[in-house]
Amino acid sequence: MKMITFLVVGLTVHFIFFLSIFDIYFTSPLVHGMTPKTTPLNPPASRLVLIVADGLRADSLYTLLPNGTSTAPYLRTVIEDRGTWGVSHTRVPTESRPGHVALIAGFYEDVSAVAKGWKVNPVEFDSVFNQSRHTWSWGIPDIINMFAEGPSGDRMYAHTYPASEVDFVSTDPSRLDSWVFTQVKSLFQSAKSNSTLMSILLKDKNVFFLHLAGIDINGHTNKPMSKEYLNNIGLVDTGVSDLVSVIEDFYSNDGRTAFLFTSDHGMTDWGSHGAGHPSETLTPFVAWGAGIQGAHKVTEDQLYPDGYLQDWKLEHLRRVDLNQADVTPLMASLLGLPIPVNSVGVLPVLYLKNSDNFKAECMYTNAIQILEQFKVKMKQKKETTLSCLFTPFQQLTEQKQAELIQKARILIQLEKYGDAISLCQSLISDALEGLIYYHTYDRFFLGCSVVLGFVGWTSYVFLVILKTHASLNMHPDILKQKPDSKLVWLSVCVAVAISIFLLIQRSPFTYYIYCLLPVPLWYSVLKESSTLRDLIHSAPSLSLWKCFGYFALVAFGIELLVVSFFHRFMLTVGLAILSLWPMLSGLFGKAKYRSVNWFLGCLCLAAFPLVPVLGRGHNTNLVMCAGALTVFVSACFLWSSRNRTSLHLGDKQLFVIQMLHVAVCSYVPYLTHSSLQQKQGLPLLSQIISWLTLASSIVVPLMSSTRLFHRLLSVFLSLTATYFLLSTGAEALFPPALSWLMFAWINIEQEAMIAEGISGRHELSTIDFSANIDISKIRQLKLDDIRRSYFFVFFIITAFFGTGNIASLNSFDPVSIYCFLTVYNPFIMGGLLLWKVIMPFIFVMCAFETIQATAELSSKSLFLIVLVISDVMALHFFFLVQDYGSWLDIGTSISHYVIVMSMTIFLMLLSILTHILTSRRLVLWRRRKMHFP
């Protein structure tokens, strides 16, 4: 198979593997066809006010200040005198969109839907807003418009401020919350002179939704422990107090208004969110007003293991925790609305102040509503599964469903409300478990198909390495062998049988891809079985102990890399072990200077994984120190190479300009952050320099000398300048340290090749990569090339996790992009973050390409070994996903699988691009154009 064909096929296979994890684990939980259910009794509230303080942590609201006062005195009074309070537990990812969907629609949105955008719903879903008579909403456009579009659009009045107002630093974010409160007051003021509006407001089943974004923005910008964050909480508390007075006065204190105050997610001490830290998943929930139980004093200990009650000085008041989705049935019950059909929330009856009959009826409605989803899900799965293979959920068969529903109804009629509530809660628990059962029904089957394909692909690549890149005693006809007709017919029959089976079950189209992909892969493996026979025949001529030792070391190394995804300090352990390689291999005695350089480079880089991933302070002085270090080291490199090769005047000028540019870019973060701290806004000069640097970071190196060392140095300087602009502290020292080790790696590999007798010494500053390649010198793979490939994978992982930029979903700090923009724009911010992550990759990949060229290997050979190592790692994470039980652990393993697969796909794309750019036809055409000999 030709190189380009092999890469395209490999890219397609890996893209399928990449998508499979989302199709297996992140499919939409929504089902349709259910009938809305309502409670037949009169509701306690005519209207409901939902206030969501974005990014508010539970402890930030409940913890008293050092002087004994509260940051939110009004809400504290509500908790102590006339409301019920608790902690609302959110789910990962702790982001605004899934948090609001859980609060208002009652279900936890799948990751694929979250990734499709914040402003438009990927799927239509039912919500409390959709079921209400009218809903008025105020706040940030991304959240408000998410519910304004779709089924709620004809009954929802959306009021938003321009997205450009969401500026992280130029203005005080709390003014956004003041705007919301002002707009709400204006609505009720306008109604006094507008009879049409007055009549609408006086009707029942109305909802008022206030989204307050100021606390979240202040948390990102100034951190949750800052006075700005706490002052914003105080402003919100005052606004809520005034709002309650306005609404109560408008409705003449009729006692028919329910108030709910909560948050969509919390925030870490370092000002970010997205993962599962308690500071992100624990949010406050305070409810008071119509239909809400008043403050309930307790004397006995409350069984909450987190120990927060004593810290918050609230141990004397009953705490009632709930899951975020439970807010939906609570709102529906208070207003007498149908519970949204896709809600999986369980009504928290302890919040309700009403008759036991009302509570039992509401819980019964909640149980029937969730059971309806279970029935639809079971019916769908039963229709798409052969009857002989269908395994129903044993805890809730059709007979048991009917028995439990009838029993609950009888208990309510007998006025045994407590027993009825307990039975309904048990029924809901079983129905939710059944929903998960049917939602994941095909997961094991699909997982086995993907694993079978993975093993087939990896086996095929291994055989390709043995056949075309290893020095085996091949049978002379092995390269001319023709496909076995029996094997072809067997593969066709298996594919047809699988297709018929999937067709009968009416499986989705993607199931055909996952199940049929292993067929051609294993056909290719079986077709190359003769290669294995040649390997066995060549065994006597091989050093088996040496082979076994290499593979044992690589297996240990792969396991170390897998563990490093969960514990970053393992990268430090790995680098410490790698630093001893010259001593253990005997290179130290032959090249002491280069061995010491390698040893120090490994130890220097080993310090970075020990730096905490999160919570690091900002210190732009370190960025300037990194800039000075980069300029000094680059100047030393150029000075040391001056005697081996001369530079043209244009190349010298380019390097001087690049080094001055690095110095300027290391100063820009200091200039920017100083201006922002003084509330003077983002300097225009900083913004111009930043965007021009970003745009030129790829183009400028192409203008440098074509000699290997000079091109590598130019790439390093160009990308480092951009990296500095995206740095806020110690991570700016990472590119110089990584580049130092990469140059040391290139030099020590040359010594290793000399020791192996592969080639003589070649100074990098004398090698011109644009020169013609002598194909006759391209050699076969040796055992030591496995080590080179493993080093590359190890350094790629180190480049990814070394500074902890995205070692966790919640570690992104928006402060790092302030040199480019301060206005909230998730797509530009995400793009800048992605580029910051990719730049260290490019350092490592350039070094690896250099080693591959100087090692006299083809562009395909080492890459195949890298492919095998990365695929083994991905398969390892795929198995870990199967083993874990908790949602958070599954999500962690899936994210690691996605990272490895993304890196592999990225490397394959780069290899395809490299192969196209270095193809013989293109090279000859380019040489004719440039008049090269």
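Going by the structure above, here's the rest.
Right, let's walk through the structure included here. Along each chain, residue indices are assigned from 1 in the same order as the chain's sequence is written. Local features are withheld for residues below a pLDDT of 70 in this predicted model, meaning they are given only at 70 or higher, and side-chain atom pairs are given and counted only at 80 or more; totals for whole chains, interfaces and linings count all residues. Side-chain metrics in this entry use all non-hydrogen atoms of the structure; hydrogen atoms and water are not considered.

1. Some details on the overall build of the protein chain
Working step 1: Elements are defined by DSSP. Helices are runs of H or I of four residues or more, strands are runs of E of two residues or more, and each kind is numbered from the N terminus. Scanning the protein chain from terminus to terminus reveals 36 helices and eight strands.
Working step 2: With a 1.4 Å probe rolled over the protein chains alone, any residue whose accessible area is under 20% of its type maximum counts as buried; one over 50% counts as exposed, and the rest are partly exposed. Looking at the protein chain residue by residue over its 933 residues, the buried ones come to 55%.
Working step 3: Two residues form a contact once any of their heavy atoms are found within 4.5 Å. Within the protein chain, contacts between residues at least 6 apart in sequence are counted, and of these 79% link residues at least 24 apart.
Working step 4: Where accessible areas are quoted, they stem from the Shrake-Rupley method and a 1.4 Å probe; at the residue level, only the protein chains shown are allowed to cover. Accessible area for the protein chain stands at about 39600 Å²; split by element, carbon and sulfur atoms hold 63% of it.

2. Section: the sheet that holds strand β6 (residues 257-262)
Working step 1: By the convention used here, strands pair only if DSSP detects at least 2 bridges between them. Read from one edge to the other, the open sheet built from eight strands follows the order β4-β3-β5-β1-β6-β7-β2-β8, with strand pairing classed as mixed. Only two strands of the sheet have a single partner each, and these edge strands are β4 (156-160) and β8 (322-323).
Working step 2: Bridging between strand β1 (residues 47-53) and β6 involves six bridges; their strand directions are parallel. Note on β6: the bridge partner recorded for L50 is L260.
Working step 3: Of the strands in this sheet, β1, β5 (206-212), β6, β7 (282-289) and β8 are in contact with helix α14 (residues 327-335), which crosses β1 at around 155 degrees. Axis definition: a line fit to C-alpha positions, over the contact stretch in the case of helices; interaxial angles, taken between N-to-C directions, run 0 to 180 degrees.

3. With respect to the pairing of strand β2 (residues 83-89)
Working step 1: With respect to burial, β2 is a largely interior element, six of its seven residues being buried.
Working step 2: Across seven bridges, β2 lies against β7 in antiparallel orientation. Looking across to β7, one finds that V87 is bridged to P284.
Working step 3: Alignment of β2 against β8, held across two bridges, turns out to be parallel. Within β8, the position partnered with S88 by the bridge is L322.

4. A word on the environment of S491
Working step 1: Summarising the element assignment, S491 is placed in helix α19 (residues 485-504).
Working step 2: Once the C-alpha coordinates of S491 and V519 are considered, the two residues, 28 residues apart in sequence, prove to be 6.3 Å apart.
Working step 3: Setting aside anything within four residues of it in sequence, one finds S491 in contact with V519 and Y523.

5. Concerning the packing of aromatic side chains
Aromatic ring pairs are described here by two measures, namely the spacing of the ring centres and the angle between the planes.
Working step 1: For this analysis, a ring pair means two rings from Phe, Tyr or Trp (six-membered ring only for Trp) whose centres lie within 6.5 Å, classed as stacked if their planes differ by under 30 degrees, edge-to-face if by over 60, and tilted for the remaining angles. Within this structure, the stated rule accounts for 54 aromatic pairs.
Working step 2: An angle of 85 degrees between the planes, with centres 4.9 Å apart, marks the rings of F565 and F801 as edge-to-face. With F565 in helix α23 (residues 544-566) and F801 in helix α32 (residues 784-801), this residue pair connects regions lying 236 residues apart in the sequence.
Working step 3: On the basis of relative accessible area, F565 is assigned to the buried category, the value being 5%.
Working step 4: Taken together, W581, W598, W745, Y790, F791, F792, F794, F795 and F848 form an aromatic cluster joined through their ring pairs.
Working step 5: Cation over ring: R47 sits above Y251, and NZ or CZ is 3.5 Å from the ring centre.
Working step 6: By definition here, charges over rings are those cases where NZ of Lys or CZ of Arg is within 6 Å of the ring centre and within 35 degrees of the ring normal. K836 extends its terminal NZ or CZ atom over the ring of Y723, reaching a point 5.6 Å from the ring centre.

6. Concerning the environment of L517
Working step 1: With respect to the secondary-structure elements, L517 resides in the loop between α20 (509-516) and α21 (518-527).
Working step 2: In the structure, L517 is positioned 63 residues away from F454 in sequence and 9.5 Å away in space, judged by C-alpha atoms.
Working step 3: Beyond its immediate chain neighbours, meaning those up to four positions away, L517 contacts V13, I16, F17 and Y512.

7. Some remarks on the packing of helix α27 (residues 620-640) against helix α28 (residues 649-677)
Packed helices, taken two at a time, are described by their axes: the angle between them and the distance between them.
Working step 1: Relative to each other, α27 and α28 sit at 175 degrees, their axes nearing to 8 Å. In terms of axis orientation, α27 runs roughly antiparallel to α28. Within the contact between the two elements, α27 uses T620, N621, V623, M624, G627, T630, V631, S634, A635 and L638 and α28 uses F655, M659, V662, A663, S666, Y667, P669, Y670 and H673.
Working step 2: Each residue is assigned to one class: nonpolar for Ala, Val, Leu, Ile, Met, Phe, Trp, Tyr, Cys and Pro, charged for Asp, Glu, Lys and Arg, and polar for all the others, Gly among them. Of the residues assigned to the contact of α27 with α28, the class counts are twelve nonpolar, seven polar and no charged. Angles are sorted into four bins: roughly parallel if under 35 degrees, roughly antiparallel if over 145, roughly perpendicular if 65 to 115, and oblique for all others.

8. Some points on unusual backbone geometry
Working step 1: With an omega dihedral of 0 degrees, the bond running from V92 to P93 counts as a cis peptide bond.
Working step 2: Take P93: it is sitting in the loop between β2 and α4 (96-105).
Working step 3: For K205, which is not glycine, the phi dihedral falls at a positive 60 degrees.
Working step 4: Mapped onto the elements, K205 comes out in the loop between α9 (195-201) and β5.
Working step 5: According to the relative accessible area criterion, K205 is partly exposed, its value standing at 23%.

9. Some thoughts on the packing of helix α26 (residues 592-606) against helix α31 (residues 734-756)
Working step 1: One way to put it is that α26 packs onto α31 with a least axis distance of 9 Å and a crossing angle of 150 degrees. As the angle between them shows, α26 and α31 are arranged roughly antiparallel. Crossing of α26 over α31 shows left-handed handedness. Along its contact with α26, which presents R594, S595, N597, W598, L600, G601, C602, C604 and L605, the element α31 presents F734, A737, L738, W740, L741, A744, W745, N747, I748, Q750 and E751. Should the near helix be turned counterclockwise from the far one by less than a right angle, the crossing is left-handed, whereas a clockwise turn marks it as right-handed.

10. Observations concerning the nonpolar core
What tends to happen in soluble globular proteins is that the nonpolar side chains get buried as a cluster.
Working step 1: Counting residues in hydrophobic clusters, the biggest one holds 270 residues, and the most contacted among them are F261, W745 and F795.
Working step 2: With 15 residues, helix α33 (residues 826-854) is the single largest residue contributor to this core. Residues enter a nonpolar core if they are buried and are Ala, Val, Leu, Ile, Met, Phe, Trp, Tyr or Cys, with the set joined through side-chain atoms within 4.5 Å.

11. Points about the side chain of S816
Working step 1: Mapped onto the secondary structure, S816 falls in the loop between α32 and α33.
Working step 2: Accessibility expressed as a relative area gives 10% for S816, which makes it buried.
Working step 3: In contact with S816, not counting residues within four places along its chain, are L725, L726, S727, T728 and K836.

12. Re the pairing of β1
Working step 1: A large share of β1 lies buried, amounting to seven of its seven residues.
Working step 2: Residues R47, V49, I51 and A53 line one face of β1 and the alternating positions L48, L50 and V52 line the opposite face, and both faces are buried.
Working step 3: Sheet topology places β1 next to β5; seven bridges connect them, and they run parallel. The residue bridging I51 from the neighbouring strand is L210, located in β5.

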